[in-house]
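An overview of the molecular structure
Residues per chain are reported as follows:
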Amino acid sequence: MAADDVSPEDPFPRKRVRVDRRADGTLEMAYVEVGQGDPILFLHGNPTSSYLWRNVIPHVQHLGRCLAPDLMGMGESDKLPDPGPGTYSFATHAGFLERFLDQVGATERVTVVAHDWGSALGFDWAHRHPGAVRGLAFTEAIVTPLTWADWPAQSRNIFRTMRGADGPAAVLGKNVFVERLLPASVARGLSPEAHERYRQPFGAPGDRWPTLEWPRQIPIENVPPKVRDVVARYGQWLRTSDVPKLFLNADPGFLLVGRPRAFVRKWAALTEVTVPGAHFVPEDSPHEIGRALADWIPTLR
């Protein structure tokens, strides 16, 4: 295998930790843990899992304690009982992430490496725990409230559909996020083995609620207002905070382009590295990301 091949092989076993937030049963999150030292937290988005980081983590596992959780209802983590509209809200995921970090003891000198919704969760956690953060690395991130003019034109119709009355038929019924949007958003193509790994958690329509709720949580035209407020607050904090930041700029990218990209480039303490990729950049350029992280993490205080 060439050094820059993107292997579908996953070298990491999963651990599990209890993250109960309910009185009616035990809930556990699955996660990768490898290495020792200060925590390096890898956060995925929709509709992926910790599997997204399988080719990135080996580049930095000698630099710290690498932790990569599966968000609740995703990957190998437990699914919430009786899911429905709002069950997998941003606030719910943020609460489980907080509990996870407390349970595994990753609450000081944390370096966050994040993609997609993982960035919003990581930025929000960092904003609320600024003294616990050593650095923030991100790609294809949610950095500011959006308008439909910011959203890529080729995807506006399907995202409007998912956010509307026809969303359940498209996402719960046809599994559109996993079957269509995921492979279409990997520039180099997604191998059948990798696609099947991402498909596994979402076999039944009821299991697909996280993949429907996430597009409905994107703050577009001030909806939903609670998430809009969270993103606006952390975006302004990131603009002036002296926490070191590594912007892994995807070329051509998808989400973090145009006005949001210009906004990021005004942030304090920012280093920018460009890597090839569409939206799922750790599938397109995991080794470029890994090498950039391996160069940047040792510079952190």
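Residues numbered from 1 in each chain as written. Predicted model: local features only at pLDDT ≥ 70, side-chain atom pairs only at ≥ 80, totals over all residues. Heavy atoms only, no water.

Quick notes on empty space enclosed by the protein
Over the atoms rolls a probe the size of a water molecule, and its path tells where empty space is left. Taken as a whole and judged by the stated rule, the model has 1 cavity of 30 Å³ or more. Estimates place the volume of the largest cavity at around 30 Å³. Surrounding the largest cavity, Ala 141, Ile 142, Val 143, Thr 144, Leu 146, Leu 255 and Pro 260 form its lining. For the lining of the largest cavity, the per-class residue count stands at 6 nonpolar, 1 polar and no charged. (1 Å grid on protein atoms, 1.4 Å probe; cavity = no way out; pocket = protein on both sides within 12 Å on 5 of 7 lines; lining within 4 Å. Points joined across faces, edges and corners; volume = space filled by probe spheres on them. Nonpolar A, V, L, I, M, F, W, Y, C, P; charged D, E, K, R; others polar.)

A closer look at the pattern of salt bridges
The tally for this structure, following the rule as stated, stands at 18 salt bridges. Of the charged contacts, one joins Arg 14 and Asp 10 as a salt bridge, the two residues approaching to 2.8 Å between their closest N and O atoms. Across the pair Glu 98 and Arg 128 runs a salt bridge, and its minimum N-O distance is 2.8 Å. Here Arg 128 lies in helix 2 (residues 117-128) and Glu 98 lies in helix 1 (residues 90-104), a separation of 30 residues in the sequence. Overall, the relative accessible area of 40% leaves Arg 128 in the partly exposed class. Ionic contacts of the salt-bridge type, sharing partners, join the residues Asp 10, Arg 14, Glu 76 and Arg 197 into one network. (Salt bridge = Lys/Arg side-chain N within 4 Å of Asp/Glu carboxyl O. Helix = DSSP H or I, 4+ residues; strand = E, 2+ residues; numbered from the N terminus. Buried < 20%, exposed > 50% of the residue type's maximum accessible area, 1.4 Å probe, protein only.)

Quick word on the side chain of Ser 89
Mapped onto the fold, Ser 89 is located in the loop between strand 4 (65-69) and helix 1. Given a relative accessible area of 15%, Ser 89 falls into the buried group. Side-chain polar atoms of Ser 89 contact the side chain of Thr 92, separated by 3.0 Å. Excluding residues that lie within four positions of it along the chain, Ser 89 makes contacts with Glu 213 and Gln 217. (Polar contact = N/O pair within 3.5 Å; in protein donor to acceptor, adjacent residues only side chain to side chain. Contact = heavy atoms within 4.5 Å.)

As for the packing of aromatic side chains
Per the counting criterion, the structure on display carries 14 aromatic pairs. Between Phe 159 and Phe 177 the ring centres are 6.0 Å apart and the planes differ by 85 degrees, which places this aromatic pair in the edge-to-face class. Separated by 18 residues along the polypeptide, Phe 159 in helix 3 (residues 156-163) and Phe 177 in helix 5 (residues 176-184) bring together distant segments of the chain. Phe 177 matches Phe 159 in its accessibility class, with the two residues each being buried. Members of the aromatic cluster, joined through ring pairs, are Phe 123, Phe 138, Tyr 234, Phe 247, Phe 263 and Trp 267. Directly above the ring of Tyr 51 sits Arg 54, whose terminal nitrogen or CZ lies 4.0 Å from the centroid. (Phe/Tyr/Trp six-rings, centres within 6.5 Å; stacked < 30°, edge-to-face > 60°. Lys NZ or Arg CZ within 6 Å of the ring centre and 35° of its normal.)

A few points about the layout of surface pockets
Estimates place the volume of the largest pocket at around 330 Å³. If you trace the largest pocket, you find 23 residues lining it, with Ser 155, Phe 159, Leu 181, Ser 185 and Phe 254 closest to the centre. Here the lining of the largest pocket gets 4 residues from one element, more than from any other, and that element is helix 5. Of the residues that constitute the lining of the largest pocket, the class distribution is 15 nonpolar, 6 polar and 2 charged. Size it by volume and the second largest pocket reaches roughly 210 Å³. Around the second largest pocket, the lining residues are Ser 89, Phe 90, Ala 91, Ala 94, Asp 124, Arg 128, Gln 217, Pro 224, Lys 226, Val 227 and Val 230. Taken together, the elements giving at least two residues each to the lining of the second largest pocket come down to helix 1, helix 2 and helix 8 (225-240). Broken down by class, the residue content of the lining of the second largest pocket amounts to 6 nonpolar, 2 polar and 3 charged.

As for the UniProt feature "domain: AB hydrolase-1" (unreviewed entry) in the protein
Those residues carrying the UniProt feature "domain: AB hydrolase-1" (unreviewed entry) are residues 39-164 in this numbering. Between the end C-alpha atoms of residues 39-164 the distance is 39 Å, and the span holds 28% helix and 21% strand. (UniProt positions renumbered as here; feature names shortened; annotations may be inferred.)

Notes on the sheet that holds strand 4
Spatially, 1-2-4-3-5-6-7-8 is the arrangement adopted by the 8 strands of the open sheet, whose pairing is mixed. Of all strands in the sheet, those with a lone pairing partner are strand 1 (15-18) and strand 8 (270-277), marking the two edges. Each neighbouring strand pair of the sheet contributes to a mean axis angle of 25 degrees, computed without reference to strand direction. By the bridge criterion, 4 bridges tie strand 1 to strand 2 (residues 28-34) in an arrangement that is antiparallel. Among the inter-strand pairings, Lys 15 is bridged to a residue of strand 2, identified as Tyr 31. Contacting strand 3 (39-43), strand 5 (110-116) and strand 6 (133-141), helix 2 crosses the sheet at an angle of about 145 degrees to strand 5. (Pairing = 2+ DSSP bridges. Axes fitted to C-alpha atoms, helices over the stretch in contact; angles between N-to-C directions.)

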